Structure formats: C-alpha cells, structure tokens
Amino acid sequence: MLDLVWLVPALPLAGFLILVVLGRRMGEPGAGWLATAMCGGAFVASAIVMAGLIGEQGENRRHLLTLFEWMKVGGFRVEVGFLADPLSITMALFITGIGTLIHLYSISYMHGDPKFSKFFIYMNLFVFSMLMLVLGSNMLVTFLGWEGVGACSYLLIAFWFSKDANASAGKKAFVTNRIGDWGFMCAMFLTFATVGSLDYSVVLEQAPLIAPATATAIALLLFLGACGKSAQLPLFVWLPDAMAGPTPVSALIHAATMVTAGVYLMTRVSPILTQSYDWAPSIIAWVGVITALFAATIALAQTDIKKVLAYSTVSQLGFMFLAIGSGAYVAAIFHMITHAFFKALLFLGAGSVIHGMHDEQDMRRMGNLKKYMPITAATFIVGWLAIAGVPPFAGFWSKDEILLSAYEKNPALWFVGLVTALLTAFYMSRQVFMVFFGEERWRDADHPDAPEPHESPWKMTLPLVVLAGLATMAGILNLPFGNRTHFLERWLEPVVGESEHTVTAAASAQIGLAALAVAGSLVGIAVAYRIYYQRKMEPVEPAIMAQGWKYDTSIAAFMGGPGREAFEATATFDGTVIDGAVNGVATLVRGSGVHLRKVQNGFVRTYALGVAVGVVALLAYFLSRVTF
Amino acid sequence: MLPTLLAELSAQNVVTTPLTQAVVLPFLGAIVVSLIPRGRAELHRVVALLFAVGTGALTLSLLAGFDRQDSGFQFQVNRVWISDFGISWHLGIDGISLFLVVLSGFLFPLAMVAVAPSHDPKPYYAWLLVLQGGCIGVFCALDLFVFFVMFEIVLVPMYFLILGWGYADRVYAALKFFIFTMFGSALMLVGIVALTFLNRDGVVEANQARVATIQSEMATVQASQGLSGPDTPVDPAIAASLAAGEARIERLLNPKLNFDLVTIAESQTVTDTSTGASPFDWGAARWIFLAFALAFAVKVPLFPLHTWLPDAHTQAPTAGSVILAGVMLKLGTYGFVRFGLYLLPEPSVFFAPALVTLGVIGIIYGAVVATMQKDLKRLVAYSSVAHLGFIILGIFALTTVSIEGGVVQMFNHGISTGALFLLVGMIYERRHTRDISSLKGLQKSAPILAAVFTLVMLSSIGLPGLNGFVGEFLVLVGSFLTRRWFTVVAAAGVVLAALYLLWAFQRVFHGEPDEENADMADMNWREGLVMAPLLVLIVFLGVYPKPMLDRIEPAVARLVSHVENHSDYTEPAVATTGVGVDAPGEDGG
C-alpha cells in the first residue's frame, strides 16, 4: 500500500504529458476534466498511502521508496525517491484535495479561453512539482519541485501574456524566487560538505552532530529560500503581483502550493533548526511576525478584492513562520492546513465575484452582492469568520496555538501577533462589508449600463461549499482539550516530536490568552462594522498603506534606476574599455605599421645607412665582449 | 601518388580504425563536395549531409562501443607519421572526450538541415565539413602536433563562414575572431615545441642511470678481457656486444623528439617544484602552461579575452553560431582539461586560483552584460561567457564532482545554446532582425516556437529536471568542497541567468504583437524535426543523466588521481556520515 506513493506525483505528471500531446485535440472541457481527474486520482492515492501509514506504528510510520539513481559522481549520490511519512502525506493530501477542487472550479472559470487546454497543462505540472517538493526523499528532489513550482508560477502568472503587467509579474515571481533558491542551493552545498549526503534520512539523523555554527548557516540559508517561496520580508514582493494570473491560479499559489513550500521545508529540517544557535529561530520568528504585521497594515487600505487577499496571505504566512521560530511546528502545519482551506475558499469566492461582476475587481464598485450571489456570499462569510479567528471556525484554533507558543517564546512576539490578528479581523470585515453588504455601486456615472451580477455555475459553487465545510470543521484536527484531542500533534509526532516546543503554560493562562485573541478579533470586526457597514465613522486608509509602504515601488525604483545604471555601466565598460583595449591594440599595430612603412622608401642610400649603422653596432657589441 | 598513399595507409591499418574514420570522413566529404560542379546546388547539400550524418553515425557507434568501466583511452590508433620528429597519428578517446566527439558528430548535421545558405552552397558545405573534421580531430588527438594542427584548422573554415555568409559587420568580426585566436595559439605552438624539447632533456636525464649501468657492465666485460679503455677486444662476439652497448648508450642519450601526449603526460619529465612566489623563480613548466592557457582562454573565452565572441556570434550565419557556441568554445575548456590538468598537473594546481577567479568573474560579468544587450544573438553570446565560467570553475576546483560537472556542462551547453541559436536564427529568418526592441508578442503569432523557446530557455537557466541543471549543480556542489566563497558567488549567477533570459523572453514573446510581428509564421515541420532531438536530449539528460555520468566518471577519477600524484594537491575527502561532522576546512583559495 505504501509503495503506491509514486502514484501520487505520477498521476498529475501523466495528466501533464497526455495534455501536452493531446490537449488541443481534447479541447474544452475534456482537457479540464482529464486534469481534474488526474489530480483527484492523486488525492485518492495519497489517501491510500495515508491509510497505510496509519496502519503502522511509531518508527515504522515512514516509508522510503527509491525509483532510480539521479546523479552519482564519486561520493556525491542522489536518488529520485519518495519519503512517505505523516508530514509529507499530510501535505500531499491537502495539496491534491484542494488542487482537485481548484481544477474543477477552473473548468468553469476558464470557459471560452482560447488557451483552455494549455491552462490545464500548466496546472497539472504545478501540482506535480509541488508533490515532488513535499514527497522528495532528499533535498535535491525537493529542490526539483521547488524550482518547478517557481517555473509553473511563472508560466501561469504570465498566462495572459498579452498584457505587459502580467508578463512582468510572472518574471518578477521567478526572479525573486530565484534569490531565495540561491540560499537553498548554498544550504545544500554546505550540507553535503558537512554530512556527505542530501538524503533527509541521513541529514536529519546526523543533525545533532553538526557544529552549531554550520547548522545555523544551513538553517538560515534554507530560511532565505523559504522567504522567497513563502513570500516573507524582504522577498514577498512577488506575491501581491502574482494575482495577475487567472484567479484559480492565485488560489492554487496562495492556498495549496508554492507558498506553503517554505513552511514545509522549515518543518522538515526542524532538527537542524534545533541544533542552531538560539538566535536563529528568533530571527525566523521576528521576520515572520513583522511580515505579518507589515502585510496586514497594507491589506487594510487595498481596494482590489484580490489584493486584499494577497496581502492577507503574506500576513498569514508570517504567522506560520512565527510558529516555526517559536518551535511550534505542529501549529505551523495546522495553520497551514486551515489557512489552505479558508484562503482557497476566499480566493475562489473572489473569483466567483469577479466572474459574476463581469471581470470587475474594484471593491468600491461592488456592494450588496449577497442578494445576487447567495452561495458565494454565504461561503465567503464562512471564510471571513475563519480567517478572523472567530470560534469555532478553523482559523481560531490554529492561530490560537501559534499565539500561545509565541507568548512562551517572547511576550513581545505575542503582542505583535495579537495586534496583527486584530487587524486581520478588521480588514477582512471591511472586505466582506464592502463586497456583500451595503448599497449596490456597480452602476455609476462611468458605467451606466453595467450588467447585473449573477451567481456562478455549480462547478464553481460546489468547491466553495466543500471548502466552506472544511474551513468550518478543520479545527477538529487539533483541538486543545487535552492530549487525546491533539490529533495532528500525535500524527506528526514522529517527524517533529524531538524539535517541538512543549507548552508549559497553565490551563487558566491558556484560556486567558485565547479569550484575549477572541476579543481582539471581535474588536476588529466591530470597528469595521461601524466604518464600512453603518458608515458612522470615516474610513482611515492612508495612501502610504495603500501603496504598500512604498516598499515595492522603492525596490522597483532602485532596480530601474541605480541597479539598471550599474548594469548598463558594466555593459558600456565591456564595450568601451575591454573591447576598446582590443581595438586599441589593433589600431596601435596598424599605426606603427603606417609609420614604419616610411622607412622602406626605396632609396639605396637609406638602406646602406641602415646597414652601416647595424654593422657598427654589432662590431661595438662583439668588441666589448672580447676586450672585457 | 594518392593510390600509393592509400595503400600504405591501409597497410598500416589506419583507415579501418573508427576514430580515424570519424576524423577523416568529413575532410573527405569536403573534397567530394568541392569536386561537384557548381550548378548542382541541391546535390551539394545532399552530399554534404550524407557525409555529416555518416560521421554522426560513426560517433554514435563509438558511444555504443565505449567501455564504461575503462578509465583510459579507447579506440586508440597510434601510427608513426613523421618519424624524424617523433610525430605520430595518435588518436584515442576517454570519457571526457567521448561526449564532445558525439556532440560534434550530431550538431553539424542538425545545423546543416536547419539552415540552407543564401548563396554559394558549395564552399559553405565544404567549409562546414572541414570544420567538423577539425573539431572531432581536436577531441581525439593524443599527439601534440596532431592536436595543434587540428586546433588551427578549425579557425580557417570558421573565418570563411563568417566572412562569406555573415551579416553586415562580418569583415570586422571575422578578422577579429581570426587574429584573436591566432594570437592565442601562436604562443601555444611555442609551448608545444618547448615542451617536447624539454621532455627530451628530461628523458635523457632519466636515462642517465641506465647509461651508467650499461657503462659499468661494459667496463666489467672489458676488465674481464684484461683490456683498458679504447683497446679493441680480439673476440668478435665480445666486440659486438660492446658495440651494441655503445649503440644503446648512444640511443639513450640522444632520444628522438616525441610529441606524444600520453607519454609526456605520464612520464612528467617537465615539472615545476619551485615554491617562490616570484615569476622569476618559476620553472619552464609553468611558463609552458601559461602559453597553453592563453590559447585556451581565448577560445573559452575567459574574461577579459572574450570580446571577439559577441561579434563573431552576431555576425556569423546561424549554423556558424551554433557550431561556434556548441562545439568550438569547448575546444578551450577541453584543452584546459587535457593539456592543463593532464599534461601539466603541477602548473594547473598552481594557477588554479587565478583561473577560478577569472571563471567566477565571467559568470557574473557575462550575465550582467548579457542583461543589457539589445541584440538577441549578443545576449546569447554573453550568456555563453557566463556558462563557460561555470565549466572553468568546475575544472579548476579540482574535485572529481566538479570536473565531472564541468565535462557534463560542456555537452549540455552545446545542446542548449545550440538550440537557442537555432531558435534565434528562425526568428531572424522571418523578421530579418535580431533587435529585441523591434520584436514583440511573438508568442501569439508563433505559439509553438514560443513553447520550444521556453523549454530551451528553462534548460539554459538551469531548471532541475532539464539538462542544464545537472552540470551546473555538480560543478557547484563539487567546487564548494575546495573553493567555498567562489562557489557562493558563482551560485548567484543562477539568479542573474533567470533575469536576463526571462527579461529577453518577455520583450520578444510577451505583450500584444504589433503589425510587423502579428503574422510571423510559426515553426514548420523541418524546423520541428531539427529541434526535436535537442528537446529530447534536454529532457532526457535532465531526468536520467546516469548513462552519461557513468561513462565520464572513470576518466575523471583517473585524472584527479593523476593530478594528485604529480602535485601537492590532495582532493578533500567527501564527508562520510557520522565522521568528521564539523565545520568543514577553510577555503583553499
């Protein structure tokens, strides 16, 4: 049963290959259905492998399957193999599960697009890459998937390449990710130089023996990679732009694939993180929580329905890194799962709104959509409550765990996290009130004939309903009522058990912290209610926040200004100095030729003079040798 | 005269050996093509293709017959050529040269099929065949003289290809290419001659002991006969044996010159043990290495000797660019392996830091300059400077993994960059411009071309799962063991590679096509057929490079131990699990 793990990535790969060959012939909707079926098949395969793992106990709850030798030179040896353990299968399960729903949704969403089948080619490749990333039995196979999702995101974000903005966004995603990949690569070099292998089984087993300085370097280099993939400061800039792709792609990137990769990687190598100096996890926690706060402040001033969600993803990922830095790996994975559910729900809901509003993304032109799109509205509201941290929806449980661990690590971390949670509740409420409540604003002076919004077809609403159910219930995975209800924690115990931080706070303190978190969420919702629903207060949306603290524009200005000038200067240097030197030598040779030519003037007397001078010189030389 | 020559050659069993055939067949093809009357344009093409394909098939048969366990030279042929100078027709390939021979074998026919010349097909194909023979000859040569001849031969056809079928600035580019490379190889000739003479001296010195033995033996014989010095013995048998001894001494003290690469490399008579930092303390070996290195550095090209490359690439016809990037640049890197590490191991180790530095500068510098190019071909040319920098880093990081990565990268760069030049050529044929700013939105008018371009581009960027990654990663992970900080900087070149290629791709293929670009024709069947084998290799060698790695490894391992035996370099042991898990040793540079 466990040997079937190869099927998990193989099915989307098969879908990709079949569609490359036959995609055009299959056309719409056949290509979409095939891709969906392959992704669904991968989900079933993951479930089967999971069942197999459940059947095993303790140490046996992991399974290595080696397919073939990839590279072997001297002492360097890497195989293409899969590691099925609770962590990787959990990842595979929700990647394929949510992936299938997004595929299904896309059949409808991409209806009529001339490149319908190509879209599904990329989608299946994307899921395949992500599965290689999580299932790989060594760092290099993970890196294969890691770069693969980067390339797929490039292809999908730039899918509608006719618009320059989309093409730029795709390129930006790839290049920014590559900066992180540089860290990942260097981490692999150092790991190999230290341990002599890239296999997780070896590396993680040897982790306690690695010198702390080396372990710190490896951990932070990997974290740089994670910052790229999981959109943390300073490398988050690609993610808000990534919504240039079709909305299902945003859902896939933000929920199921890609951004979760960094969180997965850090969890996977948790023993190395444990072996590092103490300040290394602290850096991760602080980067996470500052990113969370930073992105939340930006989200509350956005007017594009997808941009709000994009920044909220950056912010929520910050929470996950806060958890990792605090040693709460289970909480990080827990939040990743619940976030995957509600963020997929929110993005697909936003897509449904955009679809129903005939490609309108500006929230200022929406309002009262609950009347026209009841299913979308209801499911979106579930997603909103989940992300805002209102019990009993899923987000509450996972965020609560993170804040608890952060508190034990450092109360300052907890406080920043709490403020961020409040802001999260606020900006999400703002979005819900602007989009689904209030007055209808789609007809204005500029758009007098805007058509009425409509609900989306079942292939789009069905995934919404399923995800809404999951976003409501997913808290069950890891309830904080005693050890027995910590299902996820016990499940992941073989993987992260030794690195996991143990909560020491008393039950009463835990309840107090949870109450504070709930109160924070409610305050956020209440304020938003007064501003955007009752309209009793003026909205506070500073321009600097709407512009993302000018972070992105500053980088762009730098790259477009001094950065580009430096590149240009190098190119000019090459053309004038280096090549100039070459041509200068050539000119010199030619020039001296021109002058020397005058010597050869055809007069015998000149030559005779030359010969005479030469003879005298030679004689003088030999005489000097002889006499002295 | 020709029949007698042929008869003699066949008597010596030269013609029947596969390597000789692979080298000679293209030259023969060139002769045949030039004998066909001018009017039969189509015939030139067919005949040239037949010869090129035949050569390709021969090289593939070498691949099939190659013994992957054997680390030495295979398919050797060694016949005296010019006996007075010790020059012999010595050919042979090992894992390092095998794939370069194969690359030369199949890239030429592809380039011939891909583009037909606009005029004068006869000289065009003849020159291409000469070029093919020369390239294969360089990779097979195990005799310094043969190597030098082949190394020089390739210049001529490339010069004429650029000059005859190139673009606007072809005269300047062709001349620059020729003078630049001639300048490099002139010193190499001096190096070769110096090396052979010094080797002879070395041999004489090494023979002194044997001479002494013989002399003492002779003295014993003479003493037993009661003779002294110059007296002639009465017994004719003893007189004969004494004369034989004299002759042997004579031969030992006056050996013939020898141009044989393997003999010189294995005997290591010319080496350098000076430890002083000042160049005035250096022995001849290091100077000879520098003479070789200059020739190779121009060919690679290494910063700052690279400026002929963008001009030559841009002005050369498509086939010329493909061959130039695909095969000819490897003459330099291959030269560094065979005539650097193998022939002169001690100087190679001595100069390794300098060459690694130049390689890493090339990686970053080439990428930065590539980013700002306005001409597609120039951009690809500068990307070659960056990619070849990786190869140099790998070779002179001196670990088995990194050198093997370098050898793999030589082949993979040939495929990826060859494919890129073919694609740029296709765009040029349709749009008559390579100017990035006048191209736009081509993905809409030519989706298949764009898709193929995307795959090739991703391979060139080094995406795992495609061929480009394998060599690049092996180079880096191997180099990290000896040159840690250089490797960290070099890895940043990977970021830049994504930048310049994606940006160019965006400007050329993305966006809304304007009027001129809107109805550009997509790839046709012929072009698809040319690209197909390259695409298959790009994917196959990325997913399953094992067959290639297995064949290269024995030769590389042997080379590294050769370097270790003849210098003070020791390859750092790969950390084995559980042992030595500590901060690795300090950077060698």
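Residues numbered from 1 in each chain as written. Chains lettered and ligands numbered in written order. Predicted model: local features only at pLDDT ≥ 70, side-chain atom pairs only at ≥ 80, totals over all residues. Heavy atoms only, no water.

## Notes on the interface of chain B and chain A
Counted only if it meets this: The contact criterion used throughout is that any non-hydrogen atoms of two residues lie within 4.5 Å. As used here, buried area is the combined drop in accessible area, with a 1.4 Å probe, of two parts when they are placed together. Take a side-chain nitrogen of Lys or Arg and a carboxyl oxygen of Asp or Glu: if they are within 4 Å of each other, that pair is a salt bridge. Polar contact is defined as a pair of N or O atoms within 3.5 Å, subject to the rule that within protein one atom must be able to donate a hydrogen and the other to accept it, and that residues adjacent in sequence are counted only when both atoms are side-chain atoms. Each helix is a run of DSSP H or I of at least 4 residues and each strand a run of E of at least 2, with the numbering of both proceeding from the N terminus. All amino acids are sorted into three groups, where Ala, Val, Leu, Ile, Met, Phe, Trp, Tyr, Cys and Pro are nonpolar, Asp, Glu, Lys and Arg are charged, and the leftover types, Gly among them, are polar.
The interface is formed by 72 residues belonging to chain B together with 58 residues belonging to chain A. In total, chain B and chain A occlude about 5,700 Å² of area from one another, counting both sides; carbon and sulfur atoms represent 71% of this. Here chain B is connected to chain A by four salt bridges. We note a salt bridge from B:E553 to A:K72, for which the minimum N-O separation is 4.0 Å. Our count for the chain B to chain A interface comes out at 18 residue pairs in polar contact (both at pLDDT 80 or more). The leading source of residues in the side of chain B that touches chain A is helix α20 (residues 484-509) of chain B, at 14 residues. Here the side of chain B that touches chain A is composed, by residue class, of 45 nonpolar, 17 polar and 10 charged.

## Considering helix α9 (residues 236-253) of chain B
Here is the rule: An expected span of 1.5 Å times one less than the residue number is assigned to each helix.
Here α9(B) is 18 residues long and its end C-alpha atoms lie 25 Å apart, about the 26 Å a rise of 1.5 Å per residue gives. On the buried face of α9(B), the contacting elements are α8 (170-224) of chain B.

## Details of helix α2 (residues 18-35) of chain B
The α-helix winds at 3.6 residues per turn, so residues separated by three or four positions along the chain end up facing the same way. Residue and element names in this part refer to chain B. Cut-off, in case you're wondering: Two axes enter the definition of the bend at a residue: one is fitted to the seven residues ending there, the other to the seven starting there, and the bend is the angle between them.
Look at α2: 25 Å from first C-alpha to last across 18 residues, which is about the 26 Å you get at 1.5 Å a residue. At V24, α2 shows its strongest bend, of approximately 30°, with the proline P26 following within four residues. Residues of α2 that are buried in the fold lie against α3 (41-65), β1 (74-82), β2 (87-93), α5 (121-140) and α6 (144-153).

## As for the pattern of salt bridges
Test applied: Under the scheme applied here, a residue whose accessible area is under 20% of the maximum for its type counts as buried, over 50% as exposed, and between as partly exposed, the area being computed with a 1.4 Å probe on protein chains only.
Across all of its chains, the model carries 26 salt bridges over all chains by this definition. Linking B:R431 and B:E516 is a salt bridge whose minimum nitrogen-to-oxygen distance equals 3.9 Å. With a gap of 85 residues between them, B:R431 in helix α16 (residues 400-431) and B:E516 in helix α21 (residues 515-518) connect regions that are remote in the sequence. For B:R431, a relative accessible area of 13% translates into the label buried. For B:E516, a relative accessible area of 55% translates into the label exposed. Residues joined by salt bridges that share partners form a network here, namely A:E69, A:R77, A:E79, B:R68, B:K546 and B:D550.

## Regarding the pairing of β1(B)
Residue and element names in this part refer to chain B. Here is the rule: A strand pair is defined by DSSP finding two or more bridges across the two strands.
As paired elements, β1 and β2 share six bridges and run antiparallel to each other. Each residue of the ladder has a partner; that of V77, found in β2, is L91. Hairpin remark: β1 followed by β2, antiparallel, with four residues in the connecting loop; positive phi at G86, about 70°.

## Topic: the domain arrangement of chain B
Residues and elements named next belong to chain B. Spelled out, the test is: Segmentation of the chain into domains, including their bounds, is taken from an automatic or database domain assignment.
What the domain assignment lists for chain B is domain 1 (17-166), domain 2 (183-300) and domain 3 (316-589). Using C-alpha coordinates to define each centre, domain 1 is positioned 24 Å away from domain 3. On the domain 3 side, the residues contacting the 40 residues of domain 1 number 40 residues. Summed over both partners, the interface of domain 1 with domain 3 comes to about 3,700 Å²; 80% of that surface belongs to carbon and sulfur atoms. Among the residues domain 1 hides against domain 3, the three largest losses belong to R68, I96 and F99. Together they make up 20% of the total. In this assembly, domain 1 and domain 3 are joined by two salt bridges. In this structure, R338 and D94 form a salt bridge, with 2.7 Å as the shortest nitrogen-oxygen distance.

## Observations concerning the domain arrangement of chain A
Interfaces are often described in size by the accessible area the parts lose on coming together. All names here are of chain A. Partitioning chain A into domains gives domain 1 (1-137), domain 2 (161-277), domain 3 (281-560) and domain 4 (598-628). Using C-alpha coordinates to define each centre, domain 2 is positioned 23 Å away from domain 3. Taken together, the contacts link 36 residues of domain 2 with 39 residues of domain 3. Taken over both partners, the interface formed by domain 2 and domain 3 buries close to 3,100 Å², and the fraction arising from carbon and sulfur atoms is 76%.

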